[in-house]
Amino acid sequence: MTTAQLHIGQTIRFDGNPTADGISAAIHDSRGALLVESGRISELGDADALHRANPQAQVIDHGDGIIVPGFVDAHVHYPQTAIVASWGKRLIDWLNDYTFPEEMRLADESYANEIAGRYLDLVLSNGTTTVCSYATIHPESVNAFFNAANTRGMRVAAGKTCMDRNAPEGLTDTAQSAYDDSKALLQRWHGTGRLDYVITPRFSPTSTPEQLEALGALWAEHPECLMQTHLSEQTDEIAWVRSLFPDARDYLDTYEAFGLLGKRGLYGHAIHLEQRERDRLRETGAALVHCPTSNTFIGSGLFDMDGLLREGQRIGLATDTGGGSSFSMLRTMAAAYEIGQLRGRALHASELLWLGTSGSAAALHMQGKIGNLAKGLEADFNVLDLAATPALAQRTQRADDIWEAIFATIMLGDDRTIKETWVGGQKAGATS
Ligand SMILES: [Zn+2]
(Lines give C-alpha, C1' and ligand atoms only; values in the text may rest on other atoms or scores of the structure.)
Protein backbone atom coordinates (compact mmCIF):
# COMPACT_ATOMS: atom_id res chain seq x y z
CA MET A 1 0.00 0.00 0.00
CA THR A 2 1.29 3.44 -0.91
CA THR A 3 1.78 6.15 1.68
CA ALA A 4 -1.08 8.62 1.98
CA GLN A 5 -0.21 12.16 0.85
CA LEU A 6 -1.56 15.26 2.53
CA HIS A 7 -1.58 18.17 0.05
CA ILE A 8 -1.84 21.47 1.89
CA GLY A 9 -2.63 24.82 0.25
CA GLN A 10 -5.51 27.07 -0.60
CA THR A 11 -8.28 24.95 -2.10
CA ILE A 12 -11.18 25.71 -4.42
CA ARG A 13 -13.97 23.18 -4.83
CA PHE A 14 -17.59 23.17 -5.91
CA ASP A 15 -20.60 22.36 -3.78
CA GLY A 16 -22.94 22.85 -6.72
CA ASN A 17 -23.00 24.54 -10.09
CA PRO A 18 -22.23 28.28 -9.86
CA THR A 19 -23.87 28.98 -13.25
CA ALA A 20 -27.20 27.76 -11.83
CA ASP A 21 -26.87 27.86 -8.04
CA GLY A 22 -24.93 31.09 -7.65
CA ILE A 23 -21.31 31.77 -6.89
CA SER A 24 -21.60 30.57 -3.29
CA ALA A 25 -21.47 27.07 -4.81
CA ALA A 26 -17.72 27.63 -5.23
CA ILE A 27 -15.88 27.19 -1.93
CA HIS A 28 -12.48 28.67 -1.18
CA ASP A 29 -10.51 27.47 1.84
CA SER A 30 -7.41 29.56 2.56
CA ARG A 31 -5.72 26.69 4.42
CA GLY A 32 -7.29 23.53 3.12
CA ALA A 33 -5.94 20.11 2.40
CA LEU A 34 -6.56 16.94 0.42
CA LEU A 35 -5.68 13.52 1.69
CA VAL A 36 -4.78 11.34 -1.29
CA GLU A 37 -4.64 7.57 -1.02
CA SER A 38 -4.29 5.05 -3.86
CA GLY A 39 -4.86 7.76 -6.48
CA ARG A 40 -8.07 9.10 -4.95
CA ILE A 41 -9.07 11.93 -2.67
CA SER A 42 -10.00 10.14 0.55
CA GLU A 43 -10.61 13.23 2.72
CA LEU A 44 -10.58 16.98 2.37
CA GLY A 45 -10.99 19.83 4.77
CA ASP A 46 -9.03 22.00 7.16
CA ALA A 47 -5.28 21.43 6.86
CA ASP A 48 -4.47 21.28 10.57
CA ALA A 49 -7.39 19.03 11.44
CA LEU A 50 -6.55 16.62 8.62
CA HIS A 51 -2.89 16.60 9.62
CA ARG A 52 -3.74 15.78 13.25
CA ALA A 53 -6.04 12.97 12.14
CA ASN A 54 -3.46 11.56 9.70
CA PRO A 55 -0.03 11.97 11.28
CA GLN A 56 1.39 9.16 9.15
CA ALA A 57 0.65 10.94 5.86
CA GLN A 58 3.43 12.45 3.77
CA VAL A 59 2.89 16.21 3.91
CA ILE A 60 3.21 18.11 0.62
CA ASP A 61 2.86 21.79 1.43
CA HIS A 62 2.02 23.97 -1.57
CA GLY A 63 2.28 27.20 0.43
CA ASP A 64 0.20 29.98 -1.16
CA GLY A 65 -0.52 27.80 -4.19
CA ILE A 66 -4.17 27.35 -5.12
CA ILE A 67 -5.25 23.75 -5.48
CA VAL A 68 -8.00 23.46 -8.10
CA PRO A 69 -9.43 20.46 -9.95
CA GLY A 70 -7.51 19.39 -13.07
CA PHE A 71 -8.87 21.03 -16.20
CA VAL A 72 -11.18 19.02 -18.45
CA ASP A 73 -11.13 19.79 -22.18
CA ALA A 74 -14.31 18.38 -23.71
CA HIS A 75 -13.48 18.65 -27.44
CA VAL A 76 -10.07 18.40 -29.08
CA HIS A 77 -8.45 16.97 -32.19
CA TYR A 78 -5.08 15.73 -30.97
CA PRO A 79 -3.93 14.93 -34.54
CA GLN A 80 -4.01 18.67 -35.29
CA THR A 81 -1.35 19.49 -32.70
CA ALA A 82 1.29 20.36 -35.29
CA ILE A 83 -0.99 22.69 -37.30
CA VAL A 84 -2.41 24.75 -34.42
CA ALA A 85 -2.50 28.48 -35.22
CA SER A 86 -2.65 28.19 -39.01
CA TRP A 87 -3.62 31.40 -40.77
CA GLY A 88 -6.49 32.80 -42.69
CA LYS A 89 -9.15 30.17 -43.44
CA ARG A 90 -12.77 29.55 -42.64
CA LEU A 91 -14.07 26.13 -41.72
CA ILE A 92 -14.32 24.22 -44.99
CA ASP A 93 -11.10 25.63 -46.50
CA TRP A 94 -9.38 25.21 -43.16
CA LEU A 95 -10.25 21.51 -43.16
CA ASN A 96 -9.15 21.02 -46.76
CA ASP A 97 -5.96 23.07 -46.64
CA TYR A 98 -4.59 22.36 -43.17
CA THR A 99 -6.45 19.60 -41.36
CA PHE A 100 -6.89 16.84 -43.90
CA PRO A 101 -3.26 16.81 -45.17
CA GLU A 102 -2.02 16.65 -41.57
CA GLU A 103 -4.53 13.98 -40.53
CA MET A 104 -3.32 11.91 -43.50
CA ARG A 105 0.10 11.72 -41.89
CA LEU A 106 -1.27 9.83 -38.90
CA ALA A 107 -1.63 6.74 -41.03
CA ASP A 108 2.00 6.31 -40.02
CA GLU A 109 1.85 4.75 -36.57
CA SER A 110 5.18 6.12 -35.40
CA TYR A 111 4.10 9.65 -36.35
CA ALA A 112 0.77 9.11 -34.53
CA ASN A 113 2.70 7.97 -31.44
CA GLU A 114 4.93 11.03 -31.61
CA ILE A 115 2.02 13.48 -31.94
CA ALA A 116 -0.07 11.77 -29.24
CA GLY A 117 2.79 11.96 -26.73
CA ARG A 118 3.66 15.52 -27.64
CA TYR A 119 0.01 16.60 -27.40
CA LEU A 120 -0.58 15.04 -23.97
CA ASP A 121 2.63 16.53 -22.58
CA LEU A 122 1.56 19.96 -23.86
CA VAL A 123 -1.86 19.76 -22.25
CA LEU A 124 -0.48 18.44 -18.96
CA SER A 125 1.91 21.40 -18.82
CA ASN A 126 -1.20 23.56 -19.20
CA GLY A 127 -3.00 21.82 -16.33
CA THR A 128 -5.39 19.75 -18.42
CA THR A 129 -5.75 16.28 -16.96
CA THR A 130 -8.63 14.97 -19.11
CA VAL A 131 -9.47 15.50 -22.76
CA CYS A 132 -12.11 14.12 -25.10
CA SER A 133 -10.41 13.79 -28.48
CA TYR A 134 -11.13 13.01 -32.08
CA ALA A 135 -8.47 10.77 -33.63
CA THR A 136 -8.19 10.36 -37.43
CA ILE A 137 -9.86 7.70 -39.57
CA HIS A 138 -6.91 5.39 -38.86
CA PRO A 139 -7.42 2.89 -36.03
CA GLU A 140 -3.67 3.24 -35.31
CA SER A 141 -4.27 6.87 -34.32
CA VAL A 142 -6.68 5.71 -31.61
CA ASN A 143 -4.22 3.11 -30.35
CA ALA A 144 -1.46 5.72 -30.28
CA PHE A 145 -3.56 8.12 -28.25
CA PHE A 146 -4.80 5.58 -25.72
CA ASN A 147 -1.32 4.12 -25.24
CA ALA A 148 0.11 7.60 -24.65
CA ALA A 149 -2.65 8.46 -22.15
CA ASN A 150 -2.20 5.13 -20.37
CA THR A 151 1.52 5.75 -19.98
CA ARG A 152 0.72 9.09 -18.33
CA GLY A 153 -2.09 7.67 -16.17
CA MET A 154 -4.61 10.10 -17.64
CA ARG A 155 -8.37 9.74 -17.83
CA VAL A 156 -9.21 10.42 -21.49
CA ALA A 157 -11.94 9.71 -24.01
CA ALA A 158 -11.36 9.36 -27.75
CA GLY A 159 -12.60 7.72 -30.90
CA LYS A 160 -11.79 7.01 -34.51
CA THR A 161 -13.09 9.84 -36.71
CA CYS A 162 -15.43 8.46 -39.35
CA MET A 163 -15.74 10.03 -42.83
CA ASP A 164 -16.96 8.34 -46.00
CA ARG A 165 -17.45 11.34 -48.30
CA ASN A 166 -16.25 14.89 -48.99
CA ALA A 167 -12.78 14.10 -47.74
CA PRO A 168 -9.63 13.27 -49.73
CA GLU A 169 -8.72 9.78 -50.82
CA GLY A 170 -6.71 8.19 -48.06
CA LEU A 171 -8.82 9.84 -45.44
CA THR A 172 -12.11 8.07 -45.98
CA ASP A 173 -13.60 4.84 -44.72
CA THR A 174 -16.99 3.31 -45.57
CA ALA A 175 -20.20 2.85 -43.64
CA GLN A 176 -19.27 -0.76 -42.95
CA SER A 177 -15.58 -0.25 -42.13
CA ALA A 178 -16.44 2.72 -39.87
CA TYR A 179 -18.81 0.45 -37.95
CA ASP A 180 -16.40 -2.50 -37.85
CA ASP A 181 -13.30 -0.50 -36.91
CA SER A 182 -15.14 1.58 -34.30
CA LYS A 183 -16.61 -1.55 -32.76
CA ALA A 184 -13.27 -3.32 -32.60
CA LEU A 185 -11.61 -0.28 -31.00
CA LEU A 186 -14.49 0.11 -28.56
CA GLN A 187 -14.19 -3.52 -27.51
CA ARG A 188 -10.45 -3.22 -27.14
CA TRP A 189 -10.28 0.04 -25.20
CA HIS A 190 -13.56 1.12 -23.61
CA GLY A 191 -13.33 0.89 -19.83
CA THR A 192 -9.70 -0.21 -19.89
CA GLY A 193 -7.95 1.65 -17.07
CA ARG A 194 -9.00 5.29 -17.33
CA LEU A 195 -9.90 5.13 -21.03
CA ASP A 196 -13.32 5.63 -22.65
CA TYR A 197 -14.15 5.00 -26.28
CA VAL A 198 -16.23 7.65 -28.07
CA ILE A 199 -18.24 6.93 -31.24
CA THR A 200 -17.08 9.71 -33.58
CA PRO A 201 -18.70 10.73 -36.88
CA ARG A 202 -16.79 13.94 -37.75
CA PHE A 203 -19.90 15.81 -38.95
CA SER A 204 -22.81 15.31 -41.33
CA PRO A 205 -21.08 16.70 -44.44
CA THR A 206 -18.41 13.99 -44.31
CA SER A 207 -20.71 11.05 -43.55
CA THR A 208 -23.27 9.49 -45.88
CA PRO A 209 -26.69 8.69 -44.41
CA GLU A 210 -25.59 5.04 -44.50
CA GLN A 211 -22.57 5.77 -42.32
CA LEU A 212 -24.59 7.86 -39.86
CA GLU A 213 -27.09 5.01 -39.67
CA ALA A 214 -24.35 2.43 -39.03
CA LEU A 215 -22.84 4.54 -36.25
CA GLY A 216 -26.31 5.15 -34.77
CA ALA A 217 -26.73 1.37 -34.67
CA LEU A 218 -23.37 0.96 -32.93
CA TRP A 219 -24.36 3.55 -30.33
CA ALA A 220 -27.65 1.72 -29.75
CA GLU A 221 -25.62 -1.44 -29.10
CA HIS A 222 -23.28 0.47 -26.76
CA PRO A 223 -25.32 3.18 -25.05
CA GLU A 224 -22.69 3.31 -22.29
CA CYS A 225 -20.35 5.10 -24.74
CA LEU A 226 -20.20 8.78 -25.51
CA MET A 227 -20.85 9.95 -29.07
CA GLN A 228 -19.18 13.14 -30.33
CA THR A 229 -19.66 15.23 -33.43
CA HIS A 230 -19.91 18.84 -34.64
CA LEU A 231 -23.06 20.94 -34.93
CA SER A 232 -23.85 24.33 -36.47
CA GLU A 233 -20.42 25.89 -36.38
CA GLN A 234 -20.61 28.18 -39.42
CA THR A 235 -23.50 29.44 -41.53
CA ASP A 236 -22.07 28.20 -44.86
CA GLU A 237 -21.56 24.78 -43.26
CA ILE A 238 -25.25 24.77 -42.28
CA ALA A 239 -26.25 25.66 -45.85
CA TRP A 240 -24.09 22.77 -47.09
CA VAL A 241 -25.77 20.38 -44.66
CA ARG A 242 -29.18 21.53 -45.91
CA SER A 243 -28.18 20.77 -49.49
CA LEU A 244 -26.80 17.34 -48.55
CA PHE A 245 -29.84 16.39 -46.44
CA PRO A 246 -32.81 18.07 -48.16
CA ASP A 247 -35.35 16.17 -46.04
CA ALA A 248 -33.83 17.09 -42.67
CA ARG A 249 -35.72 19.57 -40.50
CA ASP A 250 -32.44 21.18 -39.43
CA TYR A 251 -28.77 20.28 -38.83
CA LEU A 252 -29.45 18.39 -35.61
CA ASP A 253 -32.04 16.30 -37.43
CA THR A 254 -29.28 14.85 -39.64
CA TYR A 255 -28.06 13.16 -36.43
CA GLU A 256 -31.41 12.61 -34.75
CA ALA A 257 -32.83 10.78 -37.79
CA PHE A 258 -30.04 8.19 -37.54
CA GLY A 259 -30.06 7.58 -33.79
CA LEU A 260 -27.22 10.01 -33.11
CA LEU A 261 -28.99 12.26 -30.63
CA GLY A 262 -28.89 11.24 -26.98
CA LYS A 263 -27.92 12.01 -23.43
CA ARG A 264 -24.34 10.89 -23.96
CA GLY A 265 -24.05 12.92 -27.15
CA LEU A 266 -21.49 15.75 -27.37
CA TYR A 267 -22.17 18.45 -29.94
CA GLY A 268 -19.19 20.69 -30.59
CA HIS A 269 -19.74 24.42 -31.24
CA ALA A 270 -23.58 24.59 -31.43
CA ILE A 271 -23.55 28.29 -32.32
CA HIS A 272 -26.27 28.92 -34.89
CA LEU A 273 -29.10 26.83 -33.44
CA GLU A 274 -32.78 26.77 -34.39
CA GLN A 275 -35.33 26.73 -31.59
CA ARG A 276 -36.26 23.12 -32.36
CA GLU A 277 -32.61 22.11 -32.03
CA ARG A 278 -32.30 23.88 -28.69
CA ASP A 279 -35.46 22.20 -27.43
CA ARG A 280 -34.36 18.74 -28.50
CA LEU A 281 -30.85 19.14 -27.08
CA ARG A 282 -32.32 20.18 -23.73
CA GLU A 283 -34.98 17.46 -23.68
CA THR A 284 -32.44 14.73 -24.35
CA GLY A 285 -29.88 16.14 -21.88
CA ALA A 286 -27.20 16.16 -24.58
CA ALA A 287 -24.11 18.29 -24.06
CA LEU A 288 -23.16 21.38 -26.05
CA VAL A 289 -19.43 21.97 -26.12
CA HIS A 290 -18.34 25.58 -26.33
CA CYS A 291 -15.01 26.14 -28.11
CA PRO A 292 -14.46 29.89 -27.79
CA THR A 293 -10.91 30.35 -29.11
CA SER A 294 -11.82 28.26 -32.14
CA ASN A 295 -15.00 30.22 -32.77
CA THR A 296 -13.20 33.56 -32.88
CA PHE A 297 -10.10 32.17 -34.63
CA ILE A 298 -12.02 30.55 -37.51
CA GLY A 299 -14.61 33.34 -37.46
CA SER A 300 -17.55 31.06 -36.69
CA GLY A 301 -19.77 33.14 -34.43
CA LEU A 302 -20.70 33.89 -30.84
CA PHE A 303 -22.04 31.06 -28.66
CA ASP A 304 -25.15 32.06 -26.72
CA MET A 305 -23.83 31.11 -23.27
CA ASP A 306 -26.36 33.19 -21.37
CA GLY A 307 -29.44 31.98 -23.25
CA LEU A 308 -28.34 28.35 -23.27
CA LEU A 309 -27.51 28.35 -19.55
CA ARG A 310 -30.88 29.92 -18.79
CA GLU A 311 -32.56 27.12 -20.74
CA GLY A 312 -30.79 24.60 -18.54
CA GLN A 313 -28.59 23.14 -21.28
CA ARG A 314 -25.66 20.95 -20.32
CA ILE A 315 -22.52 22.84 -21.45
CA GLY A 316 -18.87 21.85 -21.53
CA LEU A 317 -15.83 23.95 -22.41
CA ALA A 318 -13.09 23.06 -24.85
CA THR A 319 -10.05 24.26 -26.79
CA ASP A 320 -10.95 22.50 -30.09
CA THR A 321 -7.23 22.07 -30.78
CA GLY A 322 -6.15 22.78 -33.51
CA GLY A 323 -9.10 24.92 -34.77
CA GLY A 324 -8.75 26.53 -31.38
CA SER A 325 -5.71 28.74 -31.05
CA SER A 326 -4.43 27.51 -27.68
CA PHE A 327 -3.75 24.38 -25.63
CA SER A 328 -4.56 26.31 -22.45
CA MET A 329 -7.89 25.99 -20.65
CA LEU A 330 -7.06 29.24 -18.82
CA ARG A 331 -6.89 30.99 -22.20
CA THR A 332 -10.09 29.15 -23.18
CA MET A 333 -11.91 30.37 -20.06
CA ALA A 334 -10.72 33.89 -20.88
CA ALA A 335 -12.12 33.59 -24.41
CA ALA A 336 -15.42 32.26 -23.01
CA TYR A 337 -15.54 35.36 -20.84
CA GLU A 338 -14.92 37.62 -23.84
CA ILE A 339 -17.60 35.95 -25.98
CA GLY A 340 -19.97 36.02 -23.01
CA GLN A 341 -19.43 39.76 -22.79
CA LEU A 342 -20.31 40.15 -26.47
CA ARG A 343 -23.53 38.18 -25.83
CA GLY A 344 -24.49 40.02 -22.65
CA ARG A 345 -23.24 37.77 -19.83
CA ALA A 346 -20.15 38.53 -17.80
CA LEU A 347 -19.27 35.08 -16.45
CA HIS A 348 -17.90 35.13 -12.92
CA ALA A 349 -14.48 33.57 -12.28
CA SER A 350 -16.15 30.72 -10.36
CA GLU A 351 -18.41 30.03 -13.37
CA LEU A 352 -15.45 30.01 -15.77
CA LEU A 353 -13.48 27.67 -13.53
CA TRP A 354 -16.53 25.43 -13.09
CA LEU A 355 -17.09 25.23 -16.86
CA GLY A 356 -13.47 24.16 -17.40
CA THR A 357 -13.57 21.49 -14.68
CA SER A 358 -16.87 20.18 -13.26
CA GLY A 359 -18.98 21.44 -16.17
CA SER A 360 -16.87 19.68 -18.77
CA ALA A 361 -16.68 16.58 -16.57
CA ALA A 362 -20.49 16.52 -16.39
CA ALA A 363 -20.70 16.94 -20.17
CA LEU A 364 -18.52 13.81 -20.43
CA HIS A 365 -20.60 12.00 -17.75
CA MET A 366 -17.47 11.76 -15.61
CA GLN A 367 -18.67 13.91 -12.70
CA GLY A 368 -18.47 10.97 -10.32
CA LYS A 369 -14.79 10.51 -11.15
CA ILE A 370 -13.13 13.84 -11.95
CA GLY A 371 -13.70 17.59 -12.26
CA ASN A 372 -13.87 18.56 -8.61
CA LEU A 373 -12.09 18.21 -5.29
CA ALA A 374 -14.34 15.83 -3.41
CA LYS A 375 -14.10 12.70 -1.34
CA GLY A 376 -13.85 9.61 -3.52
CA LEU A 377 -12.91 11.42 -6.74
CA GLU A 378 -9.73 10.59 -8.62
CA ALA A 379 -6.86 12.82 -7.50
CA ASP A 380 -6.43 14.95 -10.64
CA PHE A 381 -5.60 18.50 -9.63
CA ASN A 382 -3.46 21.56 -10.31
CA VAL A 383 -1.55 23.89 -8.08
CA LEU A 384 -1.82 27.43 -9.46
CA ASP A 385 0.77 30.13 -8.84
CA LEU A 386 -1.06 33.45 -8.77
CA ALA A 387 2.21 35.34 -8.96
CA ALA A 388 3.73 33.33 -11.82
CA THR A 389 4.59 36.38 -13.94
CA PRO A 390 5.32 39.99 -13.04
CA ALA A 391 2.03 41.13 -14.58
CA LEU A 392 0.10 38.53 -12.60
CA ALA A 393 1.99 39.16 -9.37
CA GLN A 394 1.22 42.88 -9.33
CA ARG A 395 -2.42 42.25 -10.22
CA THR A 396 -2.88 39.54 -7.57
CA GLN A 397 -1.37 41.82 -4.96
CA ARG A 398 -4.02 44.43 -5.75
CA ALA A 399 -6.93 41.95 -5.60
CA ASP A 400 -9.44 42.41 -2.78
CA ASP A 401 -10.54 38.80 -2.66
CA ILE A 402 -9.74 35.37 -4.06
CA TRP A 403 -12.16 35.63 -6.99
CA GLU A 404 -10.68 38.89 -8.19
CA ALA A 405 -7.27 37.19 -8.13
CA ILE A 406 -8.57 34.06 -9.87
CA PHE A 407 -10.27 36.14 -12.56
CA ALA A 408 -7.05 38.04 -13.28
CA THR A 409 -5.22 34.71 -13.38
CA ILE A 410 -7.67 33.37 -15.94
CA MET A 411 -7.24 36.47 -18.11
CA LEU A 412 -3.45 36.81 -17.74
CA GLY A 413 -2.36 33.24 -17.06
CA ASP A 414 -0.74 30.57 -19.19
CA ASP A 415 1.32 27.42 -18.62
CA ARG A 416 3.62 29.35 -16.29
CA THR A 417 0.65 29.67 -13.92
CA ILE A 418 0.43 25.88 -13.60
CA LYS A 419 2.95 25.20 -10.88
CA GLU A 420 2.22 21.50 -10.59
CA THR A 421 -0.23 19.04 -12.07
CA TRP A 422 -1.14 15.80 -10.32
CA VAL A 423 -2.76 12.92 -12.18
CA GLY A 424 -4.28 10.07 -10.19
CA GLY A 425 -2.17 11.10 -7.21
CA GLN A 426 1.09 11.19 -9.19
CA LYS A 427 2.92 14.37 -10.09
CA ALA A 428 2.84 14.83 -13.87
CA GLY A 429 6.25 14.97 -15.49
CA ALA A 430 7.95 13.55 -12.38
CA THR A 431 10.57 10.93 -13.08
CA SER A 432 9.97 8.21 -10.57
ZN1 LIG B 1 -13.72 20.11 -33.59
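Residues numbered from 1 in each chain as written. Predicted model: local features only at pLDDT ≥ 70, side-chain atom pairs only at ≥ 80, totals over all residues. Heavy atoms only, no water.

Student: Quick question: what am I supposed to make of the coordination of the zinc ion here?
Tutor: Geometry reference: four tetrahedral donors at a metal, ideal angle 109.5 degrees. Six octahedral donors, ideal angles 90 or 180 degrees. Within the protein, the atoms that donate to the zinc ion are His75 (NE2), His77 (NE2), His230 (NE2) and Asp320 (OD), at distances of 2.1 to 2.4 Å. Every donor residue of the zinc ion comes from the same chain, spaced as H-x1-H-x152-H-x89-D. Across the pair, histidine 77 and histidine 75 agree in class, each one buried. (Donors = N, O, S within 2.8 Å, 3.2 Å for Na, K, Ca; no water. Buried < 20%, exposed > 50% of the residue type's maximum accessible area, 1.4 Å probe, protein only.)

Student: It is not clear to me how the side chain of glutamate 420 should be interpreted in this structure. Could you clarify?
Tutor: For glutamate 420, the position within the fold is in strand E15 (residues 418-423). With relative accessibility at 18%, the residue glutamate 420 sits in the buried group. Within polar-contact distance, the side chain of glutamate 420 engages the side chain of tryptophan 422 at 2.9 Å. For glutamate 420, the contacting residues outside a window of four places in its chain are His62, Phe381, Asn382, Val383 and Lys427. (Helix = DSSP H or I, 4+ residues; strand = E, 2+ residues; numbered from the N terminus. Polar contact = N/O pair within 3.5 Å; in protein donor to acceptor, adjacent residues only side chain to side chain. Contact = heavy atoms within 4.5 Å.)

Student: Looking at this model, I keep getting lost on the domain arrangement of the protein. Mind explaining?
Tutor: In many reports, interface size means the accessible area that the parts give up when they come together. Once the domains are mapped, the protein shows domain 1 (5-70 + 373-431) and domain 2 (71-363). The partner domain 2 presents 29 residues to the 31 residues of domain 1 that form the contact. Together domain 1 and domain 2 conceal approximately 2,400 Å² of surface at their shared face, both sides included; 70% is due to carbon and sulfur atoms. Applying the counting rule to domain 1 against domain 2 returns three salt bridges. (Domains from an automatic or database assignment. Buried area = accessible area lost by both parts, 1.4 Å probe. Salt bridge = Lys/Arg side-chain N within 4 Å of Asp/Glu carboxyl O.)

Student: Can you help me understand the pattern of salt bridges in this one?
Tutor: A side chain with one charge may pair with a side chain of the opposite charge, provided their charged atoms come close. Summed over the entire model, instances satisfying the criterion amount to 31 salt bridges. For arginine 276, the salt bridge identified is with aspartate 250, shortest N-O distance 2.6 Å. Of this pair, arginine 276 sits in helix H10 (residues 275-284) while aspartate 250 sits in the loop between helix H8 (235-244) and helix H9 (253-256), and the two are 26 residues apart along the sequence. Accessibility expressed as a relative area gives 21% for arginine 276, which makes it partly exposed. Between arginine 345 and aspartate 306 there is a salt bridge, with its nearest N and O atoms 3.0 Å apart. Of this pair, arginine 345 sits in the loop between helix H13 (329-342) and helix H14 (349-363) while aspartate 306 sits in helix H12 (residues 305-310), and the two are 39 residues apart along the sequence. The two residues arginine 345 and aspartate 306 agree in class, both being buried. Among the charged side chains, a network of salt bridges with common partners joins Arg249, Asp250, Asp253, Glu256, Arg276, Arg280 and Glu283.

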